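Analysis of the macromolecular model
Listed below, chain by chain, are the residues.
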Amino acid sequence: MVMKNSHCPRVRRRKMAWHLAHELKAIKSAMKELLDHSHSQMASIQDEMKSMNAEMKGMRNDVKNIRDKCDAMEKSLQKTQNANSNLQETDTNFRDRMHSQFDDV
């Protein structure tokens with residue numbers, strides 16, 4: 001019966017190669033797992049960014065609508081102020097005419 005010498009250089013190289021191959025497989029497996037995990041994280045981040053962009057677009061539309069309403073209210077206020085000024089002028093003119101009519105009597 002022939003006994004293998006585990007101290008023989010060729011046997012040591014084979015054992016080393018076998019261990020290195022298994023370590024390489026484990027490293028490849030771990031790297032693949034990390035890559036898959038990072039891809040899923042990237043996809044969820046992209047989905048979150050899309051929803052945030054949609055939300056921001058909605059907010060911009062809301063701001064635009066509020067600005068439009070403010071502009072309309074400002075115009076309405078200006079019209080009201082103009083009408084009030086005209087009414088005061090008319091009232092003053094009317095009072096002056098009434099006073100002048102009574103002064104004439």
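Residues numbered from 1 in each chain as written. Predicted model: local features only at pLDDT ≥ 70, side-chain atom pairs only at ≥ 80, totals over all residues. Heavy atoms only, no water.

**Considerations on the overall build of the protein**
- Scanning the protein from terminus to terminus reveals one helix and zero strands.
- Whereas a compact globule of 105 residues would reach a radius of gyration of roughly 13 Å, the protein reaches 44 Å, over 25% beyond that.
- With the C-alpha coordinates aligned to their principal axes, the bounding extent of the protein is approximately 155 × 15 × 10 Å.
- The protein carries 19 positive and 15 negative side-chain charges, and their two centres are separated by 32 Å. (Helix = DSSP H or I, 4+ residues; strand = E, 2+ residues; numbered from the N terminus. Rg over C-alpha atoms; globule rule 2.2 N^0.38 Å. Lys, Arg positive; Asp, Glu negative; His and termini not counted. Charge placed at Lys NZ, Arg CZ, Asp CG, Glu CD.)

**Focus on a nonpolar patch on the surface**
- A contiguous nonpolar surface patch, about 320 Å² in accessible area, is contributed by F94, M98 and F102.
- Here M98 is to be found in helix α1 (residues 9-104). (Patch = residues over 30% accessible without salt bridge, like charges linked within 9 Å, V, L, I, M, F, W, Y side chains within 5 Å. Areas by Shrake-Rupley, 256 points an atom, 1.4 Å probe, with all protein chains shown as cover. Salt bridge = Lys/Arg side-chain N within 4 Å of Asp/Glu carboxyl O.)

**Remarks on the environment of T80**
- For T80, the position within the fold is in helix α1.
- It is 18 Å that separates the C-alpha atoms of T80 and T92, two residues lying 12 residues apart in sequence.

**Notes on the pattern of salt bridges**
- Throughout the structure, instances matching the rule amount to three salt bridges.
- D68 is paired through a salt bridge with K64; the nearest N and O atoms lie 3.1 Å apart. Taken together, the residues span about one helical turn, with D68 and K64 both in helix α1 at a distance of four residues.
- Given the relative accessible area of 39%, D68 is considered partly exposed.
- Taking the relative accessible area as the measure of exposure, K64 reaches 48% and is therefore partly exposed.
- As a salt-bridge pair, D91 and R95 come within 3.0 Å of each other at their nearest N and O atoms. Here D91 pairs with R95, and both are found in helix α1, just four residues apart, close to one helical turn.
- The class for D91 is partly exposed, based on a relative accessible area of 35%. (Buried < 20%, exposed > 50% of the residue type's maximum accessible area, 1.4 Å probe, protein only.)

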